[in-house]
Amino acid sequence: MARIELKDVSHSFEIAEGKEKLEWAVKDMNIVWEDGTANALLGPSGCGKTTMLNIVSGLLTPSKGKVYIDGKDVTELSTRERHIAQVFQFPVIYDSMNVYNNLAFPLVNMKLPKLKIKEKVRKIAKILGLIDYLDTPTSKLNSAEKQKISLGRGIVRDDTLAILLDEPLTVIDPKMRGKLRRQLKIIQRELNITAIYVTHDQHEALTFADKVAVVKAGRLVQIGSPHELYSNPESPFVGYFIGSPGMNILDAKLKGQTLSLNGFKIELSKSITDKIGIENSECQLGIRPEEIITNREKTTGTIPFEVAIIENMGSYKILTLVRKNGSDRNLRIKTRVDIITSYFKGDMVYLEFPEEYLKIFKDNHKIY
Amino acid sequence: MGIRIKNVNKSFGKHLVLDNISLEFKDGDFVSFLAPTGSGKTTLLRVIAGLEKPDKGQGRVFYDDVDVTNISVRERNIAMVYQDFINYPSMTVYENIASPLKVSKNKMSAKEIDKKVREVAELLSLSDMLKHYPSETSGGQQQRIAIARALVKDTKYIFLDEPLANLDYKLREELRGQLKETFSYNKKGIIIYATADPLDALILSSHVGFLHHGKILQYDILDKIYNYPQYIEVASYFSNPTMNFLEVNLVKENNDYFLKVTEEIKIKVDNKLKDKLNKKEYLLGIRAQAIRPNRQTKNDIIIKGLVELVEVVGSDTELHFKYEDFPLLGLSQKIENYQIGNTIDIFIDPSKFYIFDKDTKELVCRMEGEK
């Protein structure tokens, strides 16, 4: 079991090419993954997350910085020497062998006694839910079962310290994806093994991991529990990326205690503006659709909007709202409303923005 | 006016994919065929569009009461969007969107084409991308280009085959809303949409058909099929997340009838429903939305749930927990921390129960009766 740490890690693929002005695939990365935890690296394609994983596994030596496992510098060690197992997008198994022999293979290579191998394989097969399939040729299995075998081959060895999963559900039939996702989570908990799961899919990351690192353009944007990322995003990017629909991010201007948005104003309490400490500034207001209060009737202090799109989500509706007269096509706000009330395109609604939920960002960072 | 299909069969070799399907759609309908992979929804879409012919025999397809069964897809004036974004890689976004107009039989002037392309691009938020090549755009934009090419032709009937399936969740969410808005302007034609995603069907459709083993198990307006799914298969699939099912017994105590889950949970049956219930055993269907970690109504049943797994889905939290030996799935409409292994109070709204016949798998009634 292992605590994994990246310290000041940067990587450029261009150093080898001798270019002077370098593009960094990963830049100034400092992360600690604690022993026995489930973690995710979440970010859009090309953000550098697979490069990070390769640095952790030892497939890649970083241009700068160190990798530590349990406090020991492993930067120069190979994958094998780091005792890290990997699961890739495509199941890596021997199609000509049955399930038992696939799972036993790494142990046979270690020349363990037969009885010991049998005991270990049965134990892992039980955890994976494959105990009844040990004699089955792997060619007869579906993609989810095959992927479980790739995982099993990694964790069957006693000396495996951590497991890295690189988009492991990509080739799994959509029908089985949810089930396998849940099983991976349960297996991780059962084995209490440090796991890092790389994905561009928020759903997979937030479900699997206790701690999610959001990565964008080679940089760590924010790391935290799903709840922390949702309720306390440090940037508009995380606010929008986490949650469905994402946080509303609206351009604003702060002057004194007044937040001026396109065509309407919100007065902030002094306690907030004191905390912000900036008198006069361009900024962005962030608020989640489920935090805005949507009224059918006009009351003092509410802000009128026109309903543009109504999406029925089964137990609630999502309204997309525009300012009247369509003066600014880009100013759109989404709100979550109850399922019972009827809304039609063109209806007027009146919004309240409860102060307790307001987030204020400046230059892509949260200032309140 | 609209589309009508009658007694359509379709087989591939010995395999019967569509089994005697008859349906009717009116202008203005947004129809979704909802089903898991391999249930025949794409085939049904293709048969209606004219990309496949029904098996020889009685099967007929009518557009505006004209039999088009043997008319080729090219002469039908329809548009089609596929799951894979099919665009011309060597053409710009503008040229891609304009391409269907350039090959069209009714020649349009360059000026007319330009006006149309820009209109559609605006509708799908592609105005800033027109000079780019498809490879320079994101997956969501590529699919929007493909949709723009379908819309630009102004055809009366548009067919979409799982257009969001290959997009990740954030792009799906964005494009779904955009489709909803785009098609709200198109009230004179019919949109037919095949999907495996219950949320697509729920958000976009006016009507939904659920396919099961090549048959239409239920076809109804959205409200009806979602709130009154006639079969367990429909209820289970057309729920997001999937519906919970519990075996219950109908018991009589004094003069009242109860549905008994356990000794602790007995739900009194309203007098009005008593006549409908004449068997001993039923299946109780409960959507996850009616099972929550906080109180919903004053009649809520409160149970103790052992949290087994917590999944964050969008802005909701799905709670997999055990009540005694029953695995149940509940939902919190927030993102919250729940410790796995903890026992928490769970609130269930009994008015939201569905009662299904165990043998026929048909809906008997809803606990709150008919609305």
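As the structure is a prediction and not an experimental result, all values here were calculated from the model.

So, how was this worked out
Residues numbered from 1 in each chain as written. Chains lettered and ligands numbered in written order. Predicted model: local features only at pLDDT ≥ 70, side-chain atom pairs only at ≥ 80, totals over all residues. Helix = DSSP H or I, 4+ residues; strand = E, 2+ residues; numbered from the N terminus. Buried ≥ 20, exposed ≤ 12 C-beta atoms within 10 Å, placed from the backbone. Contact = placed C-beta atoms within 7 Å. Nonpolar A, V, L, I, M, F, W, Y, C, P; charged D, E, K, R; others polar. Pairing = 2+ DSSP bridges. Core = buried A, V, L, I, M, F, W, Y, C linked by C-beta atoms within 7 Å. Domains from an automatic or database assignment. Expected span 1.5 Å × (residues − 1). Axes fitted to C-alpha atoms, helices over the stretch in contact; angles between N-to-C directions. Parallel < 35°, antiparallel > 145°, perpendicular 65-115°, else oblique. Left-handed = near helix turned anticlockwise from the far one by under 90°.

Undergrad: I'd like to hear about the overall build of chain A, residue by residue, with values.
TA: Helices and strands together make up the secondary structure of chain A, namely 10 helices and 21 strands. The principal-axis extents of the C-alpha atoms in chain A amount to approximately 80 × 55 × 35 Å. When each of the 368 residues of chain A is scored for burial, the buried share is 40%.

Undergrad: Tell me about the interface of chain A and chain B, and name the residues and values.
TA: Between chain A and chain B, the contact holds 31 residues from the first and 26 residues from the second. Of all elements in the fold, only α6 (174–191), α7 (202–208), α8 (226–231), β16 (303–312) and β17 (316–322) of chain A reach the threshold of two or more residues within the side of chain A that touches chain B. Looking at the side of chain A that touches chain B, the element that brings in the most residues is α6(A), giving 6 residues. A breakdown of the residues in the side of chain A that touches chain B according to their chemical character gives 11 nonpolar, 12 polar and 8 charged.

Undergrad: Give me the sheet that holds strand β14 (residues 280–287) of chain A: which residues, what numbers.
TA: Strands sit in the order β13-β12-β11-β14-β20-β21 (chain A) across an open sheet of 6 strands; the sheet is antiparallel. Of all strands in the sheet, those with a lone pairing partner are β13 (264–267) and β21 (365–366) of chain A, marking the two edges.

Undergrad: Could you give an account of helix α2 (residues 93–102) of chain B, with specific residues and numbers?
TA: For α2(B), the complete set of buried residues consists of B:Val93, B:Asn96, B:Ile97, B:Ala98 and B:Leu101. Of the surrounding secondary structure, the elements contacted by the buried residues of α2(B) are α3 (110–123) and α4 (139–151) of chain B.

Undergrad: Describe the nonpolar core, with residues and values.
TA: Of all hydrophobic cores here, the largest spans 97 residues; its most connected members are B:Ile48, B:Ile97, B:Ala148, B:Phe159, B:Phe210 and B:Phe238. No other element matches α4(B), which puts 6 residues into this core. When residues of this core are sorted by domain, at least three fall in each of domain 1 (2–231) and domain 2 (244–366) of chain B. Not counting chain neighbours up to four residues away, the residues in contact with B:Phe238 comprise B:Leu34, B:Pro198, B:Ala201, B:Phe210, B:Ile225, B:Tyr226 and B:Pro229. Counting 68 residues, the second largest nonpolar core, distinct from the first, contains A:Val121, A:Ile124, A:Leu151 and A:Ala162.

Undergrad: Give me the lowdown on α4(B), citing residues and values where you can.
TA: Residues and elements named next belong to chain B. For α4, spanning 13 residues, the distance from its first C-alpha to its last is 18 Å, which sits close to the expected 18 Å at 1.5 Å a residue. Here α4 lies mainly inside the structure; 12 of its 13 residues are buried. Those residues of α4 lying buried are Gly140, Gln141, Gln142, Gln143, Arg144, Ile145, Ala146, Ile147, Ala148, Arg149, Ala150 and Leu151. Packed against the buried residues of α4 are β6 (78–81), α2, α3, β7 (157–161) and α5 (169–183).

Undergrad: Tell me about the domain arrangement of chain B, and please be specific about residues and values.
TA: Looking at the assigned domains, one finds that chain B contains domain 1 (2–231) and domain 2 (244–366). Using only C-alpha atoms to locate each centre, domain 1 of chain B and domain 2 of chain B end up separated by 37 Å.

Undergrad: Just give me the short version of the packing of helix α3 (residues 99–109) of chain A against helix α5 (residues 143–155) of chain A, but keep the residues and values in it.
TA: Residues and elements named next belong to chain A. It is the contact of α3 with α5, at a shortest axis distance of 7 Å, that shows an interaxial angle of 30°. Classified by the angle their axes make, α3 and α5 are roughly parallel. Once α3 is placed against α5, the crossing between them reads as right-handed. Here Val99, Asn102, Leu103, Phe105 and Pro106 of α3 come into contact with α5, specifically with Ile149, Gly152 and Arg153.

Undergrad: Give a description of the domain arrangement of chain A that names residues and reports values.
TA: Residue and element names in this part refer to chain A. Once the domains are mapped, chain A shows domain 1 (4–241) and domain 2 (248–366). Just the C-alpha atoms count here: the centres of domain 1 and domain 2 sit 40 Å apart. On the side of domain 2, 8 residues touch domain 1, which itself brings 6 residues to the contact.

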